[in-house]
Amino acid sequence: MTDTNEQTTVVRETAFDLSAYLTRQKARVEAALDASITVTYPEKIYESMRYSLMAGGKRLRPILCLATCELLGGTEPMAMPTACALEMIHTMSLIHDDLPAMDNDDYRRGKLTNHKVYGEEIAILAGDGLLAYAFEFVARETRDVPPQRVLEAIARLGRAVGAAGLVGGQVVDLESEGSPDVSERTLTYIHTHKTGALLEACVVCGAILAGASPEQVERLSRYAQNIGLAFQIVDDILDITATQEELGKTAGKDLQANKATYPSLWGLEESRRQAQRLVEQAKAELAPFGEGAAPLSAIADFITRRTN
Ligand code: FPP
Ligand code: MG
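The following paragraphs examine the structure supplied in this document. Counting restarts for each chain, with residues numbered from 1 along the sequence as it is written. Labels are handed out in written order, letters beginning with A for the chains and numbers beginning with 1 for the ligands. Given that the model is predicted, a residue must reach a pLDDT of at least 70 before its local features are reported, and side-chain atom pairs must reach 80 or more before they are shown or counted; all residues, however, enter totals for whole chains, interfaces and linings. Note: side-chain values were computed over all heavy atoms of the structure, leaving out hydrogens and water.

## Thoughts on the packing of aromatic side chains
Pairing of aromatic side chains requires ring centres within 6.5 Å, counting the rings of Phe and Tyr and the six-membered ring of Trp. Pairs whose planes differ by under 30 degrees are stacked, by over 60 edge-to-face, and all others tilted. One pass over the full model with this rule turns up four aromatic pairs. Each ring, one from Tyr133 and one from Phe137, has its centre 5.6 Å from the other, and the planes form 50°; the classification is tilted. A residue pair is termed a helical-turn pair when its members lie 3 or 4 positions apart in one helix, as Tyr133 and Phe137 do in helix H7 (residues 120–141) at four residues. Each residue's exposure class comes from its accessible area (1.4 Å probe, protein chains only) as a fraction of the maximum for that residue type: buried when under 20%, exposed when over 50%, partly exposed otherwise. On the basis of relative accessibility, which here comes to 10%, the residue Phe137 falls in the buried class. Ring geometry for Tyr262 versus Trp266: centroids 4.7 Å apart, planes at 40°, classification tilted. Placement of both Tyr262 and Trp266 in helix H14 (residues 262–266) is noted, with a separation of four residues, approximately one turn of the helix. For Tyr262, a relative accessible area of 1% corresponds to the buried category. Overall, the relative accessible area of 24% leaves Trp266 in the partly exposed class. In this scheme, the term charge over a ring applies when either NZ of a lysine or CZ of an arginine sits within 6 Å of the ring centre and within 35 degrees of the ring normal. Across from the ring centre of Phe231, 3.8 Å away, lies the NZ or CZ of Arg306, which sits over that ring. Secondary structure is summarised from DSSP: a helix means a run of H or I of at least four residues, a strand means a run of E of at least two, and numbering begins at the N terminus for each.

Dropping the structure here:
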């Protein structure tokens, strides 16, 4: 009986064509992002916002939001504005992260960083503009969802971005830079906040918009926390093992900046094992959702396979 179940699971996982799914969903997200911002007066700020927003990337965050909404019976118009907002917020966090006052990076997604093209003042304002617009966009554009759910999604988004999420993680990251002995606890705080909080918001907002029960939200939130940490461990590994061409940004930055990373704490092999373990835990949370969870399950697997 167990054997049969295991076989069935394997067949289902291999039958799902993740590559085709990601290509299709990425195209839909890019079309929605493209339509979300029109260049108008003052042109420079809108061009700068569009420059980074349309610079490519995997669009994993919006895809996670759409996949979770769909898993729970929701439709694309219910979740697409929030999916776009998540990408706007992710993009603005990278624009600010790359600034000379923070990581001082010249390349992002294979292109010059925003401040290298538009100057620091405009890059700061482009980040601010994207952040504000993300919330406006969810409030104005969401369709077919009761207002209470939209409010809850906006509240979750705000929490994921602020001092309890991304901002808090970035602060501890900056404080820890160059410090000789960053503990595993501090490193986990940095990553669960700087990367994990927004990934969790993608899944949780998708679920809330679709009308998930509190138990479903909790379970999907644990799925997202696990893939969020696995994602960051893989990011640390790739900073060591991948090339600048593969990453589209400077490789080897963590070592150069003497940053604490999972490979520096555990070594490469143990880091890979931990990432795999987290992916397995994430997939276990999806069991009650059945076959509909195939995209989320395949995305979890993809996290340890990715090369950029
Ligand atoms: C990349 O990390 C940076 C982030 C994931 C987020 C950084 C957050 C901020 C700058 C706060 C932004 C402000 C708001 C209001 C959200 P990394 O430097 O480790 O990775 P990288 O190699 O891709 O740069
Ligand atoms: Mg950086």
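From this point, things continue past the structure.
## As for a nonpolar patch on the surface
Patch building starts from residues that exceed 30% relative accessible area and form no salt bridge, then joins like charges within 9 Å and nonpolar side chains (Val, Leu, Ile, Met, Phe, Trp, Tyr) within 5 Å. Using the Shrake-Rupley algorithm and a 1.4 Å probe, accessible areas are obtained, with residue cover drawn only from the displayed protein chains. The working definition used for a salt bridge is a side-chain nitrogen of Lys or Arg within 4 Å of a carboxyl oxygen of Asp or Glu. A cluster of nonpolar side chains, Tyr107, Leu112 and Val117, forms an exposed patch at the surface whose accessible area comes to about 230 Å². Within the secondary structure, Val117 sits in helix H6 (residues 114–118). Classification of Val117 by relative accessible area gives partly exposed; the value is 39%.

## Considering the environment of Asp106
Tracing the backbone through its elements, the reader meets Asp106 in the loop between helix H5 (76–97) and strand E1 (107–108). Sequence spacing of Asp106 and Pro77 is 29 residues, and the spatial spacing of their C-alpha atoms is 36 Å. Note on contacts: a residue pair qualifies if any of its non-hydrogen atoms lie within 4.5 Å across the two residues. Asp106 has contacts with Lys111, Leu112, Thr113 and Lys116, leaving out every residue within four places of it along the chain.

## Details of empty space enclosed by the protein
Gaps left between atoms show up when a probe the size of a water molecule is rolled over them. Grid spacing is 1 Å over the protein atoms alone, the probe is 1.4 Å, and a cavity is where that probe fits but cannot get out, while a pocket is an open set with protein on both sides within 12 Å along at least five of seven lines and lining residues have an atom within 4 Å of a point. Grid points are joined across faces, edges and corners, and a volume is the space filled by probe spheres set on the points. Tallied over the entire structure, the rule returns one cavity of 30 Å³ or more. Estimated volume of the largest cavity: approximately 120 Å³. Considering the residues around the largest cavity, the lining is formed by 13 residues, among which Ser52, Ile95, Asp98, Arg108 and Asn114 are closest to the centre. Those elements giving two or more residues to the lining of the largest cavity turn out to be helix H3 (43–53), H5 and strand E2 (111–112). When residues are grouped by polarity, Ala, Val, Leu, Ile, Met, Phe, Trp, Tyr, Cys and Pro land in nonpolar, Asp, Glu, Lys and Arg in charged, and all others, Gly among them, in polar. Each residue belonging to the lining of the largest cavity can be placed in one class, and the counts come to five nonpolar, four polar and four charged.

## A closer look at the pattern of salt bridges
Applying the stated criterion across every chain yields a total of 20 salt bridges. A salt bridge links Asp97 to Arg108; the shortest N-O distance between them is 3.5 Å. Remark: Arg108 occurs in strand E1 and Asp97 occurs in helix H5; sequence separation between them is 11 residues. A salt bridge links Arg143 to Glu141; the nearest nitrogen and oxygen atoms lie 3.8 Å apart. For Glu141, a relative accessible area of 33% gives the class partly exposed. Connected through shared salt-bridge partners, Glu30, Arg59, Glu87 and Arg109 make up one network.

## Focus on the environment of Leu255
When you line up the elements, Leu255 lands in helix H13 (residues 253–256). Residue classification places Leu255 among the exposed positions, given a relative accessible area of 66%. A sequence separation of 100 residues divides Leu255 from Ala155, and the C-alpha atoms of the two residues are 36 Å apart.

## Some remarks on the coordination of the magnesium ion (ligand 2)
Here the coordinating atoms are restricted to nitrogen, oxygen and sulfur within 2.8 Å of the metal centre, or 3.2 Å for Na, K and Ca, and because water is not among them the sites may look incomplete. For the magnesium ion (ligand 2), every protein donor is listed as Asp97 (OD) and Asp103 (OD), and the spread of their distances is 2.1 Å. Like Asp97, the residue Asp103 is buried in the burial classification.

## Quick word on H3
Of all the positions in H3, only Ile45, Ser48, Met49, Tyr51, Ser52 and Leu53 are classed as buried. Elements that come into contact with the buried residues of H3 comprise helix H2 (18–36), H5, E2, H6 and H7.

## A short note on the packing of helix H11 (residues 214–241) against helix H16 (residues 294–305)
Note on geometry: axes are C-alpha line fits, over the in-contact stretch for helices, and angles between N-to-C directions span 0 to 180 degrees. The interhelical angle for the contact between H11 and H16, taken along N-to-C directions, is 20°, at an axis separation of 8 Å. Considered as vectors, H11 and H16 are oriented roughly parallel to each other. In the crossing of H11 with H16, the sense of the turn from one axis to the other is left-handed. Taken together, the residues of H16 that come into contact with H11 (itself represented by Leu220, Tyr223, Ile227, Ala230, Phe231 and Val234) are Leu296, Ile299, Ala300, Ile303 and Thr304. Partitioned by chemical class, the residues of the contact of H11 with H16 number 10 nonpolar, one polar and no charged. When an angle is under 35 degrees it counts as roughly parallel; over 145 it counts as roughly antiparallel; between 65 and 115 it counts as roughly perpendicular; any other value is oblique. We call a crossing left-handed when the near helix sits turned anticlockwise from the far one by less than a right angle, and right-handed when that turn is clockwise.

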